[in-house]
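This is what each chain is made of:
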Amino acid sequence: MQFRQQALAKLQSPEELDRPVRLARPQGWLALGVTVVVMAAASVWAVTGSVASTVGAQAVLTHGQGSYLLQSPVAGQVTAVLAKQGERLPAGAPVLKVRTGQGDTVVRTVAAGRITALAATIGQIVQTGANVASVEKIAHASDPLYATVYVPAENAAAIPAHAPVDLTVSSVPTQRYGVLRGHVKSVDRAAQSPQSIAAFLGDSQLGEQFTRKGRPVAVLVALDKSASTRSGYRWSSTEGPPYRLDSMTLASGSIKLADQRPVDWLLP
């Protein structure tokens, strides 16, 4: 009954035509304004902005000319090891002596370099073509180090010239000394096989390791030099590690790819 009386009273009351109509509360106008500003900023960024991305891959520190596998030219028994691991030798220097049915044969270096691994010992029987040593090609003791990053082939085309590279070196604690800085020097457009990687690095195991997920592309990275660090190269930390870097040290590289425009993603 009370509800009916209220309804009748409302019907008999004059219409409030002179009362202003409220379209929205102040809070609603504020929310609308914020939405418009955000949409406008997003539209401008979509046209003028860019998205930076990186590609990560396995890497190894080397000298620019790489390494080679020294092979025995004859079959026989090793009677003497004439070189030491880590020793730097000129071209034609004796490394091993192998006794055959026709006499002793000396296995010599093909090119000047540093012995990084000896695979033969005294008394061992070797076959013709067997790998007996790994030699890193070094012309001078002051030759700089490079990093070779084995990038998946599908990412190679997106790597710009001189792209910045961050290298996490396996022998350097990253939390304490940071990452090694460098930039892209060249990109090999041909995919690398396990054999080609092994021939360049002088290590067949690395050839297999770097191709487990397919044939990669080799990216040569020049390390940024610094006169204020012990290693002679620039790090994300101020001083870097208190020791020099060795070649054939494993690392992982993060290469900055060419910036992509987000508007390309929005257009069909």
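See above for the structure.
Conventions used here
Residues numbered from 1 in each chain as written. Predicted model: local features only at pLDDT ≥ 70, side-chain atom pairs only at ≥ 80, totals over all residues. Heavy atoms only, no water. Helix = DSSP H or I, 4+ residues; strand = E, 2+ residues; numbered from the N terminus. Contact = heavy atoms within 4.5 Å. Pairing = 2+ DSSP bridges. Buried < 20%, exposed > 50% of the residue type's maximum accessible area, 1.4 Å probe, protein only. Axes fitted to C-alpha atoms, helices over the stretch in contact; angles between N-to-C directions.

**Considering the environment of Val60**
Next up, step 1: For Val60, the location among the structural elements is in strand S1 (residues 54–63).
Next up, step 2: Sequence separation between Val60 and Ser170 is 110 residues; the distance between their C-alpha atoms is 9.5 Å.
Next up, step 3: Ignoring sequence-local partners within four residues, the contact set of Val60 consists of Tyr146, Ala147, Thr148, Tyr150, Leu201, Phe210, Met248, Thr249, Leu250 and Ala251.

**Topic: the sheet that holds strand S8 (residues 125–126)**
Next up, step 1: Sheet architecture is open: four strands sit in the order S6-S5-S3-S8, paired in antiparallel fashion. Each edge of the sheet is formed by a strand with only one pairing partner; in this case those strands are strand S6 (103–108) and S8.

**Some thoughts on the side chain of Thr148**
Next up, step 1: Inspection of the secondary structure assignment puts Thr148 in strand S10 (residues 145–152).
Next up, step 2: On the basis of relative accessible area, Thr148 is assigned to the buried category, the value being 3%.
Next up, step 3: Those residues in contact with Thr148, other than ones at most four positions away along the chain, are Gln58, Ala59, Val60, Thr62, Phe200, Ala218, Val219 and Leu220.

**Side note on the sheet that holds strand S11 (residues 164–169)**
Next up, step 1: Taken together, the six strands give a closed barrel; going around it, the order is S1-S10-S13-S12-S11-S14, and neighbouring strands pair in antiparallel fashion. Strand-to-strand, the axes of this sheet are offset by a mean angle of 40°, without reference to chain direction.
Next up, step 2: Pairing of S11 with strand S14 (residues 250–256), which is carried by five bridges, proceeds in the antiparallel orientation. The partner of Val165 across the bridge, within S14, is Ile255.
Next up, step 3: Where helix H4 (residues 194–201) meets the sheet, it contacts S1, S10 and strand S13 (216–223), and its direction lies at approximately 170° from that of S10.

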